[in-house]
Amino acid sequence: SPSLGARLEITEGLTLRVNGGRYTRTPDLNELFGDHGSVVGNPELDPEVGYNVDAGTTYFYAGSRYLNLFRIDAAWFASWVSDLISLEQNSQNTARPVNVEAAMIQGTELSLRLSLFKLITLSGNYTYFYGVNRSNIEHYKEKKLPGRPKHEAYGRIDISKTFKKWGAGTWFDADYAGKAYAGQYNSE
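Below is a summary of the structure that appears in this document. Because the structure is a prediction, the values reported are computed rather than measured.

Quick word on the side chain of S86
Right, so step 1: As for its placement among the helices and strands, S86 is situated in strand β4 (residues 67-89).
Right, so step 2: A relative accessible area of 2% means that S86 is categorised as buried.

Encoded structure:
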């Protein structure tokens, strides 16, 4: 799977990056044979083949007395895929992996990490995802990809302190995933 990437440091702490390439992903054992529970296997799956590209920037700062760390990342990504392996709900409690003949995926990601007073760390990320079926099957064409929410977010607060011989910490985290379609017909 050939790929190429480049990284450029604009100034201290500010970098730009870009990557692109072709990839192949063979179905895993769970996708082929199921897990005897919520995933029903599909031994007829073809490998997923695609081209992807992403570009992004990172700003990183570390070092003041109160603001120990500040890092923000922003990225854009896109993929053009043949035989995309996608989980599709086939009953109320089970899903089955299927190949989507052709798909286009793109989105953006934003993440933040902030550490204050060597005591509190805040971190989180947000992803906007847009995936559409580009197959020649009329019923599925231009429909959203199943099982993939348009919006996802995650946040975490850590409070920790290290002393000479011991440390203590606690955290709270939460995540959010928006509405996702269960099948290729875009039924909920």
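Considerations on unusual backbone geometry
Peptide bonds are, in most cases, trans, and in most cases residues other than glycine have a negative phi.
Right, so step 1: One non-glycine residue, H36, adopts positive backbone phi at about 55°.
Right, so step 2: Structurally, H36 is set in the loop between α1 (29-33) and β3 (48-62).
Right, so step 3: Among the residues examined, H36 registers a relative accessible area of 81% and is labelled exposed.
Right, so step 4: At F117, a position not held by glycine, the phi torsion is positive, near 55°.
Right, so step 5: With respect to the element layout, F117 can be found in the loop between β5 (95-116) and β6 (120-133).

Let's talk about the packing of aromatic side chains
Right, so step 1: Within this structure, the stated rule accounts for three aromatic pairs.
Right, so step 2: Here the aromatic rings of Y66 and F117 are separated by 5.6 Å at their centres, their planes lie at 65°, and the arrangement is edge-to-face. Of the two residues, Y66 is situated in the loop between β3 and β4 and F117 in the loop between β5 and β6; the sequence distance between them amounts to 51 residues.
Right, so step 3: Note on Y66: relative accessible area 48%, which makes it partly exposed.
Right, so step 4: For F117, a relative accessible area of 48% gives the class partly exposed.

What about the pairing of strand β7 (residues 151-162)?
Right, so step 1: Pairing geometry for β6 and β7, over nine bridges, is antiparallel. Each residue of the ladder has a partner; that of L122, found in β7, is I157.
Right, so step 2: Bridge count for β7 against strand β8 (residues 167-177) is 11 bridges, and the pairing is antiparallel. Bridge pairing in β8 links E152 to A177.
Right, so step 3: In this antiparallel pair of consecutive strands, β7 and β8, the connection spans four residues.

Considering the pattern of salt bridges
If charged atoms from side chains of opposite charge come close, those side chains can pair.
Right, so step 1: All chains considered together, the criterion is met by five salt bridges.
Right, so step 2: Residues E48 and R25 are paired through a salt bridge, measuring 3.8 Å at the closest nitrogen-oxygen approach. Residue E48 is found in strand β3, and its partner R25 is found in strand β2 (residues 14-25); the two are separated by 23 residues along the sequence.
Right, so step 3: Owing to a relative accessible area of 28%, R25 belongs among the partly exposed residues under this scheme.
Right, so step 4: The shortest N-O distance in the salt bridge between R71 and D73 comes to 2.8 Å.
Right, so step 5: According to the relative accessible area criterion, R71 is partly exposed, its value standing at 34%.
Right, so step 6: Classification of D73 by relative accessible area gives buried; the value is 12%.
Right, so step 7: Here the salt bridges do not stand alone but share partners, grouping R25, E31 and E48 into one network.

Cut-offs used in this document
Residues numbered from 1 in each chain as written. Predicted model: local features only at pLDDT ≥ 70, side-chain atom pairs only at ≥ 80, totals over all residues. Heavy atoms only, no water. Helix = DSSP H or I, 4+ residues; strand = E, 2+ residues; numbered from the N terminus. Buried < 20%, exposed > 50% of the residue type's maximum accessible area, 1.4 Å probe, protein only. Phe/Tyr/Trp six-rings, centres within 6.5 Å; stacked < 30°, edge-to-face > 60°. Pairing = 2+ DSSP bridges. Salt bridge = Lys/Arg side-chain N within 4 Å of Asp/Glu carboxyl O.

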